[in-house]
Amino acid sequence: MTCVIAGGGPAGAVLALLLARAGVEVTLLEKHADFLRDFRGDTIHPSTLRVLGELGLAEEFLKLPHRKAHELRLATDAGDIRLASLRGLPGGYDYIAFVPQWDFLTLVTKAASAYPNFRLLMNAEAYDLIREDGAVRGVRYRDPSGEHELRATLTVAADGRRSVLRERAGLVPQDLKAPMDVLWFRLPRHDGDPDDTFLRVSSGHMMVAINRETYWQLAYLIPKGGYGPLTEQGIDALRRPVATLLPYLADRVGQIEGFDDVSVLTVALNRLRRWHRPGFLCIGDAAHAMSPVFGVGINLAVQDAVAAANLLAAPLAAGRPITEAMLHRLQRRRMLPTRITQAAQRVVQNRVISAALGRRFDPSGLPRDVTRIPLLNRLPRRFIGLGVLPEHVKSPES
């Protein structure tokens, strides 16, 4: 085996596709039986849409049920604020596409399965690394039939923010702190409800409402560590602010029967100082957990995958050794956008989210339409839409 990737999320799936496309023998391990897990990130930004276009998958992607968001809007007690517009963004895509992550992953792995050198193993949980002569030489994984070893020239950890393989490699992320956690839940959507996805802010409260056509996917922000105290107050402690923030849902909040209907996202913001060991590489959330701020987690993960394939696909396909210098070159390239994006997320966390949850955020001084200020429109448009140092597919196609 040339490459084994642990984790079938956006980073692992896109890297597997790009390597298979280049003729590399690659196995993707996914510990779950399917991709159907609700309340995962599902904002596909223009940077990722451009990658799909370069791979010839954009047309098929846009056939999936999705909604397009050309603008970002903040709803406050004093009225709506238009924060950013993606219209006019170069590259052919001037919107964020909201698509369930399982549909995106199914599309990518289906495209990879067209290559005979690609293998997807579901229900296969990587739990340890194989080491020989000071280098990683593959993984140990378990599936319903038992425990197995899979040897590989390169082992990639794309197994998320709680990466087991990262821990096995002795790599510890630097914690950059996040002031909030997120409660995810859903409520039915009725005729007459708003159409757009938006952020709702009020004194002491923040919510994100995502239009899923037949239902609302809702994210209610709470102070870090606040879930336990909230549950002690009973489910009405969640129902009441939801009904106050979004009055059109007041007749439906009773459908949140208890906290079993709520999923808790423990928000993490961190990054590794070192992304690699000999024969081993971390990408995506395993290398840098992103805050939900700006919704860019999927897109940073995809950019990591594209950069990794651009640097490593040709030597892997040719059977050349993957040196630590190569892996460090990748880390250097992707560390800059990681640092800048996380710095921007921390600013929003500290100055907006912490202030809002602490009842200190006053939107009255903000303009109603920030996009009318040219500089304040262009910079957020490019940052949110394309990110820092956007990658293009340069890896070969065999």
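Residues numbered from 1 in each chain as written. Predicted model: local features only at pLDDT ≥ 70, side-chain atom pairs only at ≥ 80, totals over all residues. Heavy atoms only, no water.

A.B. asks: Where do I start with the overall build of the protein in this structure?
C.D. replies: Counting its regular elements, the protein contains 10 helices and 22 strands. Computed over C-alpha atoms, the radius of gyration of the protein comes to 21 Å, within 12% of the 21 Å expected from 2.2 N^0.38 for 398 residues, which places it in the range of a compact globule. Counting only C-alpha atoms, the protein reaches 60 × 45 × 35 Å along its principal axes. The buried share among the 398 residues of the protein stands at 54%. Of all intrachain contacts in the protein linking residues separated by at least 6 positions in sequence, the fraction that spans at least 24 positions is 74%. Total accessible area computed for the protein in this model is approximately 17,000 Å², and 51% of it derives from carbon and sulfur atoms. Each charge sign in the protein was given a centre, from 51 positive and 42 negative side chains, and these centres are 8 Å apart. (Helix = DSSP H or I, 4+ residues; strand = E, 2+ residues; numbered from the N terminus. Rg over C-alpha atoms; globule rule 2.2 N^0.38 Å. Buried < 20%, exposed > 50% of the residue type's maximum accessible area, 1.4 Å probe, protein only. Contact = heavy atoms within 4.5 Å. Areas by Shrake-Rupley, 256 points an atom, 1.4 Å probe, with all protein chains shown as cover. Lys, Arg positive; Asp, Glu negative; His and termini not counted. Charge placed at Lys NZ, Arg CZ, Asp CG, Glu CD.)

A.B. asks: Teacher, can you tell me more about the pattern of salt bridges here?
C.D. replies: Pairing of side chains with opposite charge becomes possible as their charged atoms draw close. Here the structure, examined in full by the defined rule, presents 25 salt bridges. Between Glu167 and Arg168 there is a salt bridge, with its nearest N and O atoms 3.9 Å apart. Residue Glu167 is classed as exposed on the basis of its relative accessible area, which comes to 54%. (Salt bridge = Lys/Arg side-chain N within 4 Å of Asp/Glu carboxyl O.)

A.B. asks: Which parts of the structure should I look at to understand the layout of surface pockets?
C.D. replies: It is the rolling of a water-molecule-sized probe over the atoms that shows where space remains empty. Approximately 260 Å³ is the volume attributed to the second largest pocket. Forming the boundary of the second largest pocket are 15 residues, of which His205, Tyr220, Leu230, Gln233 and Ala237 lie nearest the centre. Among the secondary structure elements, those contributing two or more residues to the lining of the second largest pocket are β17 (215–223), α6 (227–232) and α7 (236–245). Looking at the lining of the second largest pocket, the element that brings in the most residues is β17, giving 4 residues. Looking at the lining of the second largest pocket residue by residue, the classes come out as 9 nonpolar, 4 polar and 2 charged. (1 Å grid on protein atoms, 1.4 Å probe; cavity = no way out; pocket = protein on both sides within 12 Å on 5 of 7 lines; lining within 4 Å. Points joined across faces, edges and corners; volume = space filled by probe spheres on them. Nonpolar A, V, L, I, M, F, W, Y, C, P; charged D, E, K, R; others polar.)

A.B. asks: Quick question: what am I supposed to make of the nonpolar core here?
C.D. replies: Generally speaking, a soluble globular protein has its nonpolar side chains buried in company with each other. Ranked by size, the top nonpolar core spans 58 residues in total, and within it Ile5, Leu15, Leu19, Phe61, Phe104 and Leu154 carry the most contacts. With residues up to four places along the chain from it excluded, the contact list for Leu19 reads Cys3, Ile5, Val24, Val26, Asn117, Ala309, Ala313 and Leu316. (Core = buried A, V, L, I, M, F, W, Y, C linked by side-chain atoms within 4.5 Å.)

A.B. asks: Sorry if this is basic, but what is going on with the sheet that holds strand β19 (residues 270–271) here?
C.D. replies: Two modes of strand pairing occur in sheets, parallel and antiparallel, and in both the strands are linked by backbone hydrogen bonds. Here 3 strands make up an open sheet; going across it, the order is β13-β19-β22 and the pairing antiparallel. In this open sheet, the two strands that pair with only one neighbour each are β13 (174–175) and β22 (288–289). Here β13 pairs with β19 via 2 bridges, running antiparallel. Note that in β19 the partner of Asp175 across the bridge is Asn270. (Pairing = 2+ DSSP bridges.)

A.B. asks: Before we go on, may I ask you to explain the side chain of Asp193 in this structure?
C.D. replies: By secondary structure assignment, the location of Asp193 is in the loop between β14 (180–188) and β15 (198–202). Residue classification places Asp193 among the buried residues on the basis of a relative accessible area of 9%. Side chain to side chain, Asp193 and Trp216 meet in a polar contact 3.1 Å long. A polar side-chain atom of Asp193 sits 2.8 Å from a polar atom in the side chain of Arg252. Not counting residues up to four positions away in its chain, the partners in contact with Asp193 are Pro188, Trp216, Tyr248 and Arg252. (Polar contact = N/O pair within 3.5 Å; in protein donor to acceptor, adjacent residues only side chain to side chain.)

A.B. asks: Could you clarify how one ought to interpret the sheet that holds strand β3 (residues 43–44) in this entry?
C.D. replies: Spatially, the 3 strands line up as an open sheet ordered β3-β7-β4, and their pairing is antiparallel. Lying at the two open borders of the sheet, with one neighbouring strand each, are β3 and β4 (67–69). Pairing between β3 and strand β7 (residues 96–98): 2 bridges, direction antiparallel. Residue pairing for β7: Ile44 is matched across the bridge by Ala97.

A.B. asks: Can you walk me through unusual backbone geometry in this structure?
C.D. replies: The phi torsion of most residues other than glycine is negative, and most of the peptide bonds are trans. Phi is positive for Asp133, which is not a glycine, with a value near 55°. Backbone geometry at Arg359 places phi at a positive 65°, although glycine is not the residue there. Considering the arrangement of structural elements, one finds Arg359 in the loop between α9 (324–357) and α10 (374–385).

A.B. asks: Sorry if this is basic, but what is going on with helix α8 (residues 297–318) here?
C.D. replies: Each α-helix winds once per 3.6 residues, and so residues spaced three or four apart point in a common direction. Between the first and last C-alpha of α8 there are 32 Å, a value that for 22 residues agrees with the 32 Å anticipated at 1.5 Å per step. Along its length, α8 reaches its greatest deviation from straightness, about 45°, at Leu312, and the proline Pro315 lies no more than four positions downstream. Extensive coverage of α8 is indicated by the burial of 17 of its 22 residues. (Expected span 1.5 Å × (residues − 1). Bend = angle between axes of the 7 residues up to and from the residue.)

A.B. asks: Would you explain the environment of Tyr127 in this entry?
C.D. replies: Among the secondary structure elements, Tyr127 is positioned in strand β9 (residues 125–132). A sequence separation of 161 residues divides Tyr127 from His288, and the C-alpha atoms of the two residues are 20 Å apart. The residues touching Tyr127, leaving out its near neighbours within four places in the chain, are Arg140, Tyr141, Arg142, Glu147, Val164, Leu165 and Arg168. Separated by 3.0 Å, the side chains of Tyr127 and Glu147 make a polar contact.

A.B. asks: Is there a simple way to explain the packing of aromatic side chains in this structure?
C.D. replies: Within a pair of aromatic rings, the relevant descriptors are the distance that separates the centres and the angle that separates the planes. A full pass over the atoms with the stated rule returns 6 aromatic pairs. When the ring of Phe61 is compared with that of Phe104, the centres are 6.4 Å apart and the planes differ by 85°; the resulting orientation is edge-to-face. Of this pair, Phe61 sits in helix α3 (residues 58–61) while Phe104 sits in helix α4 (residues 101–112), and the two are 43 residues apart along the sequence. In terms of burial, Phe61 and Phe104 fall into one category: buried. On the basis of an interplanar angle of 45° and a centroid distance of 6.0 Å, the ring pair of Trp216 and Tyr248 is categorised as tilted. Placement of the pair is Trp216 in strand β17 and Tyr248 in the loop between α7 and β18 (263–265), with a sequence separation of 32 residues. Trp216 sits in the buried class, given a relative accessible area of 0%. A connected cluster of aromatic rings, assembled from ring pairs, spans Phe198, Trp216 and Tyr248. Over the ring of Tyr95 we find Lys68; its NZ or CZ atom is 5.1 Å from the centre of that ring. The aromatic ring of Tyr127 is capped on one face by Arg142, whose charged end is 4.0 Å from the ring centroid. (Phe/Tyr/Trp six-rings, centres within 6.5 Å; stacked < 30°, edge-to-face > 60°. Lys NZ or Arg CZ within 6 Å of the ring centre and 35° of its normal.)

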